[in-house]
2 protein chains.
Amino acid sequence: MATHWSLPPTDALRADGLRIADLDTSGTPGFKGGKKQASGYQAERAQVLSGLQEKLYANGRSGDYRNILLVLQGMDTAGKGGIVRHVIGSVDPQGVDHASFGVPTEEEKQHHFLWRIRKALPRGGQIGVFDRSHYEDVLVVRVHNLVPAKVWEPRYDEINAFEQELVGQGTTLVKVAMFISLDEQKRRLMERLERPDKYWKFNPADIDERGYWPAYQEAYQVMLDRTSTEKAPWHVIPADRKWFARLSVTELLIDALEKLNLDWPPPDFDIEEQKRRLEQA
Amino acid sequence: MATHWSLPPTDALRADGLRIADLDTSGTPGFKGGKKQASGYQAERAQVLSGLQEKLYANGRSGDYRNILLVLQGMDTAGKGGIVRHVIGSVDPQGVDHASFGVPTEEEKQHHFLWRIRKALPRGGQIGVFDRSHYEDVLVVRVHNLVPAKVWEPRYDEINAFEQELVGQGTTLVKVAMFISLDEQKRRLMERLERPDKYWKFNPADIDERGYWPAYQEAYQVMLDRTSTEKAPWHVIPADRKWFARLSVTELLIDALEKLNLDWPPPDFDIEEQKRRLEQA
């Protein structure tokens, strides 16, 4: 890592004090190379991630409750799906609990907003992936006034309390907000209208949402300001360059896993005794 | 494919009429090459699988209920986990519904044996993966008489009826039984006792199970004879060679996906109109 980053990604991408309005969405903060350097490096780091993930999984199978929860937020086309496909796709599917959160169902609407989130929490040893999350309830909900302010306003504190609870239970939250420019979004949406293999990703409502861009920017800013905590910090990823976003998330996950200081679980049996038994079986 | 297989894998691995006792678990039926040929070819076919899976996922997102359900059965160390890691690991995690079935919980025991299975069925557009399955209820349950014969005996018919129902709902079942030799199992268990990074996979009870090998072989044979149906056939994979097992499952999944004749979902909007709207947004 030392050779490719001038700053550790966890620092370079930290949300604290950051103003979204000032963000260069095509930037690559902390990374010293370009797309070319990133390509082979991404493959190399994916191997590291995969090795760490296997250790996490092994510990989970051995009774360790600790896990990782990757929370992905970003406007349409920001590349959340690409992160899942290309970053999470590099680890063993047995160790991945993936959930995506769209418009709440009728049943979900009859519950507290964290109800469906709690049901999808990863088991011990897993990397949970939330493609959108409880943060939708202070983003789209706030922008469109889907519930009164007196309902969404307390949610920031509720979310912080909820996440502290998760951390206390052994979850490492890796919260990632991906930002693209309005122009880059237009290019990506246009691509969906030009390629028959991408039509299915297009939703006319995505265009309507562009009219709310400033309101979303504001909602994201408040979200970062109010819910980036010491134990569950947000990371802000300029995402115009897909390769940078993928490399960044890979590094954030590696960092989170390294901090768990995982070792292979010790045997809970007598090795020599079992070898003797096996020889005779 | 034509250049590497003398017989289509769906035929070469078909369970019909096969006697497990006669199976060469180190064989590579239908495949013309060896490990060396398989390596690059596996990567190539994984790409094909990944492309087809994306189409399945796209259709699922567009309202198509069809899906794939890969059912993996095999003795301990047969390589089920490796299939998930290396074969399913080559497709987008967003399109994978993975479930593994161990000893039933107290709650599960209070339900019909298919209750927990139904809860884990994949959504439309997904590749569901069952690491062990409802077949445990006619395998370990039968071998150890965990319930009386009058309970497990009707299960073969119940399973057939259940699977016909799934097929009628748009599920393509890919049922895979992996077989290794008793010696190969010993080698693999020994490896788990020799490598600290594998201790966690070892369970002393696995050695006890070796004493029931003939009973398991019989239970597997009856399973194949009674539940390999036209619409939901079993495939038998000699699994001493991991590369062959992985390549085989890759091919079976490709075959299942190809038979769905998937195309990219058509747009449900007017493309030109949306382009104009986007230009102005």
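So, here is what we can say about the structure in this document. (Residues numbered from 1 in each chain as written. Chains lettered and ligands numbered in written order. Predicted model: local features only at pLDDT ≥ 70, side-chain atom pairs only at ≥ 80, totals over all residues. Heavy atoms only, no water.)

### Details of the pattern of salt bridges
Part 1: With the rule as written, the count across this model stands at 48 salt bridges over all chains.
Part 2: Put simply, B:Asp16 and B:Arg14 hold a salt bridge, and the shortest N to O gap is 3.9 Å.
Part 3: Three or more residues are tied together by salt bridges with common partners; here these are A:Glu54, A:Asp92 and B:Arg85. (Salt bridge = Lys/Arg side-chain N within 4 Å of Asp/Glu carboxyl O.)

### Description of the environment of A:His144
All names here are of chain A.
Part 1: Note on placement: His-144 falls in the loop between helix H6 (140–143) and helix H7 (149–152).
Part 2: Classification of His-144 by relative accessible area gives partly exposed; the value is 24%.
Part 3: Linking His-144 and Val-87, residues 57 residues apart in sequence, is a C-alpha distance of 32 Å. (Helix = DSSP H or I, 4+ residues; strand = E, 2+ residues; numbered from the N terminus. Buried < 20%, exposed > 50% of the residue type's maximum accessible area, 1.4 Å probe, protein only.)

### Describing the relation of the copies chain A and chain B
Part 1: Rotating chain A by 180° and moving it 0.0 Å along the rotation axis overlays it on chain B with an RMSD of 0.0 Å. On this basis, the relationship between the two copies can be described by a two-fold rotation axis.
Part 2: A high fraction, 100%, of the interface residues of chain A reappear at the interface in chain B, so the copies pair face to face through one surface. (Least-squares fit on C-alpha atoms with pLDDT ≥ 70 in both. Contact = heavy atoms within 4.5 Å.)

### Some details on the interface of chain A and chain B
Part 1: Contacts between chain A and chain B engage 41 residues on the former and 41 residues on the latter.
Part 2: Carbon and sulfur atoms supply 65% of the area that chain A and chain B bury against each other, a total of about 4200 Å² over both sides.
Part 3: On the chain A side of the contact with chain B, A:Arg85, A:Trp200 and A:Leu278 bury the most area, a combined 19% of that side's loss.
Part 4: Where chain A meets chain B, there are six salt bridges.
Part 5: In this structure, the connection of chain A to chain B is made through 14 residue pairs in polar contact (both at pLDDT 80 or more).
Part 6: For the side of chain A that touches chain B, the element with the highest residue contribution is helix H13 (residues 271–280) of chain A, accounting for six residues.
Part 7: Residue composition of the side of chain A that touches chain B, grouped by class: 21 nonpolar, seven polar and 13 charged. (Buried area = accessible area lost by both parts, 1.4 Å probe. Polar contact = N/O pair within 3.5 Å; in protein donor to acceptor, adjacent residues only side chain to side chain. Nonpolar A, V, L, I, M, F, W, Y, C, P; charged D, E, K, R; others polar.)

### Points about the sheet that holds strand E1 (residues 67–74) of chain A
All names here are of chain A.
Part 1: Taking strand neighbours across the sheet as the criterion, the five strands line up as E2-E3-E1-E4-E5 in an open arrangement whose pairing is parallel. The strands lining the two open edges of the sheet, one partner per strand, are strand E2 (96–100) and strand E5 (234–238). The mean inter-strand angle of the sheet, taken between neighbouring strand axes irrespective of direction, is 20°.
Part 2: Relative to strand E3 (residues 127–131), E1 is paired through five bridges, and the arrangement is parallel. Pairing of Leu-72 across the sheet is with Asp-131, part of E3.
Part 3: Contacting E1 and strand E4 (171–179), helix H8 (residues 155–168) crosses the sheet at an angle of about 135° to E4. (Pairing = 2+ DSSP bridges. Axes fitted to C-alpha atoms, helices over the stretch in contact; angles between N-to-C directions.)

### Considering the sheet that holds strand E4 (residues 171–179) of chain B
Residues and elements named next belong to chain B.
Part 1: Strand order in this open sheet of five strands is E2-E3-E1-E4-E5, and the pairing throughout is parallel. Unpaired on one side and paired on the other, strand E2 (96–100) and strand E5 (234–238) mark the two borders of the sheet. Mean inter-strand twist for the sheet, computed between neighbouring axes without regard to direction, equals 20°.
Part 2: The pairing of strand E1 (residues 67–74) with E4 spans eight bridges and is parallel. Following the sheet pairing, Asn-67 is matched in E4 by Thr-171.
Part 3: Taken strand by strand, helix H8 (residues 155–168) contacts E1 and E4, and its axis lies near 135° from that of E4.

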